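In case you want the letters, here they are:
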Amino acid sequence: MDVKIEAGWKSVLQEEFDKPYFIDLVNFVKTELKEGKQVYPPGKLIFNAFEKTPFNKLKVVILGQDPYHGEGQAHGLSFSVPEGIPQPPSLVNIFREIKNDLGIEPPQHGNLESWAEQGVFLLNAILTVRKAEATSHSKAGWAYFTDAVIGKISEHKSGIVFLLWGNFARQKRLLIDTDKHFILESAHPSPFSASGFFGCKHFSKTNEILQQQGLQKINWKIT
């Protein structure tokens, strides 16, 4: 199957695109749309994380679970919302931890594209959702694909920093070669568990790991 995706990712993932589960997944999303259901993010943004963070620039992975299911929120980057959309509670808590960790004041918007463009891969485990129905596409087959994505990163790259927040993300550590990569774990930044997220200092720790490898650190300030 010919999928429109950044060339580096396409090379690494082509065998996944040709598997029956992926063809079924594409047909599932198309059927949802044909039946008049609203699916987020818009089709052209489903693979936005891959477009904003080319495979050869990848340095950090922040794994989310499900796209935001409110109108205008999801744009294909985990935890991120477009400018002009109110920041969801988890994102507010992420910015709060960045302030505690690095002294950076929270931004006026929640668009994390500047992180993605520096090599922070903002991957949701599920890449689509039905409007107003959280996890509605969780059984569509996206997990097979994104598990393969994590596995390919682990196989083909080295020295990647994986930020795994919450039990769902932590389960993915089994897909990562810990002899080659770095894993930082904490509670999820959701208001329900943020007390275990605050103080994790994952943003300064990530930069320390990158600098130890001779890589440019991430500018976590959103402008």
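Below is a short write-up of the structure.

Observations concerning the sheet that holds strand β5 (residues 161-165)
Then step 1. Read across the open sheet, the 4 strands follow the order β3-β2-β5-β6; overall the sheet is parallel. The sheet is open, and its two borders are formed by β3 (120-124) and β6 (182-186), each paired with just one other strand. Neighbour-to-neighbour, the strand axes of this sheet turn through a mean angle of 20°, independent of strand direction.
Then step 2. As paired elements, strand β2 (residues 60-64) and β3 share 5 bridges and run parallel to each other. What sits directly across from L63, in β3, is L123.
Then step 3. Running at roughly 155° to β3, helix α6 (residues 142-156) makes contact with β2, β3 and β5 of the sheet.

Quick look at the nonpolar core
Then step 1. Counting 63 residues, the largest nonpolar core has F50, W115 and F145 as the members making the most contacts within it.
Then step 2. Excluding anything up to four places from it in sequence, W115 contacts I62, I94, F95, I98, V120, L122, F203, N219, W220 and I222.

Considerations on the packing of helix α4 (residues 89-102) against helix α8 (residues 202-212)
Then step 1. Between α4 and α8, whose axes approach to 8 Å, the crossing angle comes to 60°. Facing α4, whose interface residues are I94, E97, I98, D101 and L102, α8 presents H202, F203 and S204.
Then step 2. Of the residues in the contact of α4 with α8, the class split is 4 nonpolar, 2 polar and 2 charged.

Quick notes on the packing of helix α2 (residues 20-34) against α6
Then step 1. Between α2 and α6, the least distance of the axes is 9 Å, while the angle of their chain directions is 130°. Considered as vectors, α2 and α6 are oriented oblique to each other. At the point where α2 passes α6, the crossing takes the left-handed sense. Of the residues in α6, those in contact with Y21, F22, L25 and V29 of α2 are W142, Y144 and F145.
Then step 2. Along the lines of polarity and charge, the residues of the contact of α2 with α6 split into 7 nonpolar, no polar and no charged.

Overview of the pairing of β5
Then step 1. Across the 5 residues that make up β5, a large majority, 5, are buried.
Then step 2. Side chains of β5 alternate between two faces, with V161, L163 and W165 and F162 and L164 buried alike.
Then step 3. Examined bridge by bridge, β2 and β5 share 3 bridges and lie parallel to one another. Residue pairing in the sheet places I62 in a bridge with L163 of β5.
Then step 4. Where β5 lies against β6, 5 bridges are found, and the strand directions are parallel. Directly across from V161, in β6, lies its bridge partner F182.

Reading the values: rules and limits
Residues numbered from 1 in each chain as written. Predicted model: local features only at pLDDT ≥ 70, side-chain atom pairs only at ≥ 80, totals over all residues. Heavy atoms only, no water. Pairing = 2+ DSSP bridges. Helix = DSSP H or I, 4+ residues; strand = E, 2+ residues; numbered from the N terminus. Axes fitted to C-alpha atoms, helices over the stretch in contact; angles between N-to-C directions. Contact = heavy atoms within 4.5 Å. Core = buried A, V, L, I, M, F, W, Y, C linked by side-chain atoms within 4.5 Å. Buried < 20%, exposed > 50% of the residue type's maximum accessible area, 1.4 Å probe, protein only. Nonpolar A, V, L, I, M, F, W, Y, C, P; charged D, E, K, R; others polar. Parallel < 35°, antiparallel > 145°, perpendicular 65-115°, else oblique. Left-handed = near helix turned anticlockwise from the far one by under 90°.

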